[in-house]
Structure formats: C-alpha cells, structure tokens
Amino acid sequence: MSKILYSLKSLKALIKKENPSSACLITSGVLYEKLAWAIAKELALKNLKVILISDGEEAKKWSALENLLLNFTKQNLDRDSLVLALGGGSVGDLVGFACSVYLRGIKYIQIPTTLLAQVDSAHGGKTGINFSNFKNQIGSFYLPEATIIDERFIKTLSPHQITDGLGEIIKAGFIKDTTILDLLKKETVASIPNSPNLKKIIKKSIEVKDYFIKNDLKDKSIRQILNVGHTLGHAIELKYKMSHGLSVLYGILLELEMSEKNKLTKKGTKEEFFRILESLDIKLSDRFVPDTEKVLHDKKISGDSLIWPIIVKTGQAKLFKIRTKDFLKLAK
Ligand SMILES: NC(=O)c1ccc[n+]([C@@H]2O[C@H](COP(=O)([O-])OP(=O)(O)OC[C@H]3O[C@@H](n4cnc5c(N)ncnc54)[C@H](O)[C@@H]3O)[C@@H](O)[C@H]2O)c1
Ligand SMILES: [Zn+2]
C-alpha cells in the first residue's frame, strides 16, 4: 500500500525525498481559486508546473484524458516527473489513470480535497474514466506514491458534500469498525467540518478500507465487502444521477431492508442505521426506487449469480453468493 501522510505540510519534504526531474500540479480551474490558500502556502514549490482540467464528471471524459495526456507532453513530463493530483474523486480518478498510461507509468501523489475522496476514492489504486455511458468503464489499478490527507480542505465543502463522504464513513462503521459509529453519534453534518474528532474519523475509515484492500488489491475477493450498499446504490446513482456517497446510503438502507427481512442480517441493524442517520441529521426520502434489472449490468455479476456483500450485524459483513433471479425476487 502507498504511504498516507496526515498533513499537507509534509508535502515539501516528501517531494525533496522523491527528487523528481519536475513536479506538476493538476487540479481544476475552480479548485485552483477555491484552494488558493493551500496552493500559495504548501504547494509553493520552485519550478512547479501547473495543468488545469475540468471538474466533476466532465473530468472523467475520454476527451479530458486526451487533453491531459497532450498537456503532459507539452510540459515535457518524463519518466522521473512527479504529478500531484489535487481535487475530489473525479480529479484523482482521471489523473491516476493518465499517470498509469503515460510513458507506461509515472509517479503521482493523491491530495484528495473532498471527504469522499479522503476516506475512499484516493485509496486502493482504482483509477479510471467513464466510457460509452458506463461509469468507470476504462481504468487501471495504479497506486500513488503517497496520499496526503489534510482536514482543512473539508471546511469549504457544502453540507451535501459532507453527507456524501459520510455515506462511505457510515459504511466503514457498519462493515468493520463500530468505534466510527460511536464517534459519529456525537456529530451532525453541520458539526463535521470543525469537529475535533474529524481526523480520527477519517483515519479510522481509511484503516477499514486498507484492511479490505491490502490482501486483495485487484478486487477478486475480500475487497468486494467494500461494495456493501453499492449493489442497489449504483442502480440509484445511475437512475437519478445522484452523487456517489448519498446513493450508497440509499443502497445500504434498501439492502438492509432486504437482508433483514430474509434473516440474513441480525434484527435491529436497520434501526441502528436509522439512529445514526437521525443523529447526524441526514434524512433519506422514500421516493428513490432502483431499477433492479439494472443490477444485471453491474460488473459484479458472473454467470447467473452475483456476489452480494451484506451486513451481518453492526460491525460485520460478509460476501453472499446469490442467484441473480433470487436476488431480484428478494428485491421486489
Ligand atoms: N477510485 C475509487 O476507488 C472511487 C471510489 C468512490 C468514488 N469514486 C469517484 O469519485 C468521483 C466523485 O468524487 P467526489 O465526490 O470527491 O466529487 P468530485 O471530484 O466530482 O467533486 C465534486 C465537487 O467538489 C468540489 N470540491 C472539491 N474539493 C473541494 C473543497 N475542498 N472545497 C470546496 N469544493 C470542493 C469540486 O470543485 C467539484 O465541483 C466519482 O467520479 C466516483 O466515480 C472513485
Ligand atoms: Zn463507494
């Protein structure tokens, strides 16, 4: 696994140690302005090259990849260059993928700036872009040299973006580490950016992700537990163009309803999930219903069955192999 450093202040020393032929910062135009404090202070490196790209899902288009690779060439990046990816999951996904294919791979550092990217997308080496109307259809497993987490970035996020990150944090609590849930019980969406426990919450969530990926980087077995809530969550994300973390919360809720009703999950787990949401001030509506048939297009399907990661009880999850037609029946 790559190094994780918990302050942007460590970046300069890290770059000195890496001693690259050149360093290149890649971020979006919007973030270049919003995060000027970080760029002017912690990223003020001599001869730093800068490439500005699009933000959000625009960044994950084929044309954005082509543009970025063209800029790598224009800026004369070579095999000893070091790229710094500053932004949310979309910037990280595109930049990581571009670095994995440019000159057969150049070094990069992830500097995630959203809560979702800090606890989830910047770890585990999954990079990629969207293609032919499918999300993350083209990509690679390519680990950064290091990931730098700095909770000061969280302060400029909207409540919606905080909720999004909380989707993956709550999941981490329910699949492995219940102490995360204990910490969350003291918070609300509004209190998170200034919480004295924010660093601890982020760190514990990263440790959960690390636990599941360290022996299964290529997502063949145990890593799939991280997909709890994603089976139906992805269907919701696709249908309503909903953000990722919020879709995961809907996915966990719907999947808990299914698994608890069918005695695959300990009774009361769904209630516990609701209690956490309520104390955080997150309200889910019941108007979002997934097209379960869409689940069939999900990449987790193999043959006529699918691996469905389920929460067994608060703090424990397992992989459950189920025939697709039985899954669809349960989902009705
Ligand atoms: N690679 C993985 O393992 C993985 C895992 C989960 C999600 N993802 C991907 O991550 C992407 C979503 O990432 P995201 O939720 O981080 O959103 P994002 O990268 O799309 O960014 C959303 C918005 O947040 C803004 N933003 C970023 N940092 C900010 C800050 N500090 N202050 C204010 N605004 C800020 C951006 O300008 C942008 O408008 C999706 O494409 C998803 O597929 C990847
Ligand atoms: Zn996710």
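Located above this text is the structure these notes cover.
Let me begin by describing the structure that accompanies this report.

## A look at the coordination of the zinc ion (ligand 2)
In the first shell of the zinc ion (ligand 2), the protein supplies Glu168 (OE), His230 (NE2) and His244 (NE2), at 1.9 to 2.1 Å from the metal. Along the chain, the residues donating to the zinc ion (ligand 2) are arranged with the sequence spacing E-x61-H-x13-H. With His230 in helix α10 (residues 230–240) and His244 in helix α11 (residues 244–261), this residue pair connects regions lying 14 residues apart in the sequence. Owing to a relative accessible area of 5%, His230 belongs among the buried residues under this scheme.

## Some remarks on the site of ligand 1
Contacts to ligand 1 come from 25 residues, most closely from Asp55, Glu57, Gly89, Thr114 and Gln161. The contact in question runs from an oxygen atom of ligand 1 to an N or O atom on the side chain of Thr114, over 2.6 Å. Within the backbone of Lys126, an N or O atom sits 2.9 Å from a nitrogen atom of ligand 1. Protein coverage of the free-state accessible area of ligand 1, which is 880 Å², stands at 86%. For the shell around ligand 1, the secondary-structure elements that each account for two or more residues are α2 (29–34), α5 (89–101), α6 (115–121) and β7 (134–141). For the shell around ligand 1, the residue count by class is five nonpolar, 11 polar and nine charged.

## Section: the pairing of strand β6 (residues 126–131)
Alignment of β6 against β7, held across five bridges, turns out to be antiparallel. Note that in β7 the partner of Phe131 across the bridge is Phe134. Linking β6 back to β7 in an antiparallel pair, the connection comprises two residues, with Ser132 at a positive phi of about 50 degrees.

## Thoughts on α5
If you check α5, its first and last C-alpha atoms are 19 Å apart, about what 13 residues at 1.5 Å a residue would give, namely 18 Å. Extensive coverage of α5 is indicated by the burial of 12 of its 13 residues. For α5, every residue scored as buried is listed here: Gly89, Ser90, Val91, Gly92, Asp93, Leu94, Val95, Gly96, Phe97, Ala98, Cys99 and Ser100. Leu103 sits one or two residues past α5 and shows a positive phi near 50 degrees.

## Thoughts on the pattern of salt bridges
For the coordinates displayed, the defined rule picks out 18 salt bridges. A salt bridge links Asp120 to Lys209; its shortest N-O distance comes to 2.6 Å. With Asp120 in helix α6 and Lys209 in helix α9 (residues 198–213), the pair connects residues that are 89 residues apart, well separated along the chain. Relative accessible area serves as the criterion here: at 9%, Lys209 is assigned to the buried category.

## Some remarks on the packing of helix α4 (residues 62–74) against α5
Viewed as axis vectors pointing N to C, α4 and α5 meet at an angle of 55 degrees, and their least axial separation amounts to 10 Å. Relative to α5, the element α4 lies oblique. Where α4 crosses over α5, the handedness of that crossing is right-handed. Residues Ala64, Leu65, Leu68, Leu69 and Phe72 of α4 touch α5, and the partners they reach there are Leu94, Val95, Phe97, Ala98, Cys99 and Val101.

## Description of a nonpolar patch on the surface
On the surface, Tyr32, Val50 and Leu52 cluster together to form a nonpolar patch covering roughly 230 Å² of accessible area. Within the secondary structure, Tyr32 is located in helix α2.

## Observations regarding the sheet that holds strand β5 (residues 107–112)
With parallel pairing, the six strands of this open sheet are ordered in space as β1-β8-β5-β4-β2-β3. Only two strands of the sheet have a single neighbouring strand rather than two, namely β1 (3–5) and β3 (49–53). In this sheet, neighbouring strand axes are inclined to one another by 20 degrees on average, regardless of whether the strands run parallel or antiparallel. Contacts from α5 reach β2 (23–28), β3, β4 (82–87) and β5 within the one sheet, and its direction differs from that of β4 by about 160 degrees.

The rules behind these values
- In this numbering scheme, every chain counts its residues from 1 along its sequence in written order.
- Think of it this way: whatever chain is written first is A, whatever ligand is written first is 1, and the rest follow in order.
- With pLDDT at 70 or above as the cut-off, local features in this predicted model cover only qualifying residues; side-chain atom pairs require 80 or more to be listed or tallied, and sums for whole chains, interfaces and linings still use all residues.
- The side-chain values count all of the structure's non-hydrogen atoms but skip hydrogen atoms and water molecules.
- A donor here means an N, O or S atom no more than 2.8 Å from the metal, or no more than 3.2 Å when the metal is Na, K or Ca. Since water is not included, a site may seem to lack partners.
- Where helices and strands are cited, they refer to DSSP runs of H or I of at least four residues and of E of at least two residues respectively, numbered from the N terminus.
- Buried, partly exposed and exposed residues are distinguished by accessible area as a fraction of the type maximum, computed with a 1.4 Å probe on protein chains only: under 20%, between the cut-offs, and over 50%, respectively.
- When at least one non-hydrogen atom of a residue lies within 4 Å of a molecule or strand, that residue is treated as near it.
- Polar contacts, as used here, are pairs of N or O atoms within 3.5 Å; protein pairs need one atom able to donate a hydrogen and one able to accept it. Residues neighboring in sequence count only if both atoms are side-chain atoms.
- Surface accessibility follows the Shrake-Rupley procedure with a 1.4 Å probe radius. Residue values consider only the protein chains on display as shielding.
- Amino acids outside the nonpolar list (Ala, Val, Leu, Ile, Met, Phe, Trp, Tyr, Cys, Pro) and the charged list (Asp, Glu, Lys, Arg) are all regarded as polar, and Gly is one of them.
- In this description, strands pair whenever DSSP reports at least two bridges between them.
- Here a helix's expected span is defined as the number of its residues, less one, multiplied by 1.5 Å.
- Any carboxyl oxygen of Asp or Glu that lies within 4 Å of a side-chain nitrogen of Lys or Arg is treated as forming a salt bridge with it.
- To obtain each axis, a line is fitted to C-alpha atoms, and for helices this fit is confined to the stretch in contact; angles are then taken between N-to-C directions over 0 to 180 degrees.
- Oblique is the label for any angle not covered by the other classes, which are roughly parallel (under 35 degrees), roughly antiparallel (over 145) and roughly perpendicular (65 to 115).
- For a crossing to be left-handed, the near helix must be turned anticlockwise from the far one by less than a right angle; the clockwise case is right-handed.
- Two residues form a contact once any of their heavy atoms are found within 4.5 Å.
- Like-charged residues are merged into a patch within 9 Å and nonpolar side chains (Val, Leu, Ile, Met, Phe, Trp, Tyr) within 5 Å, provided each residue has over 30% relative accessible area and no salt bridge.

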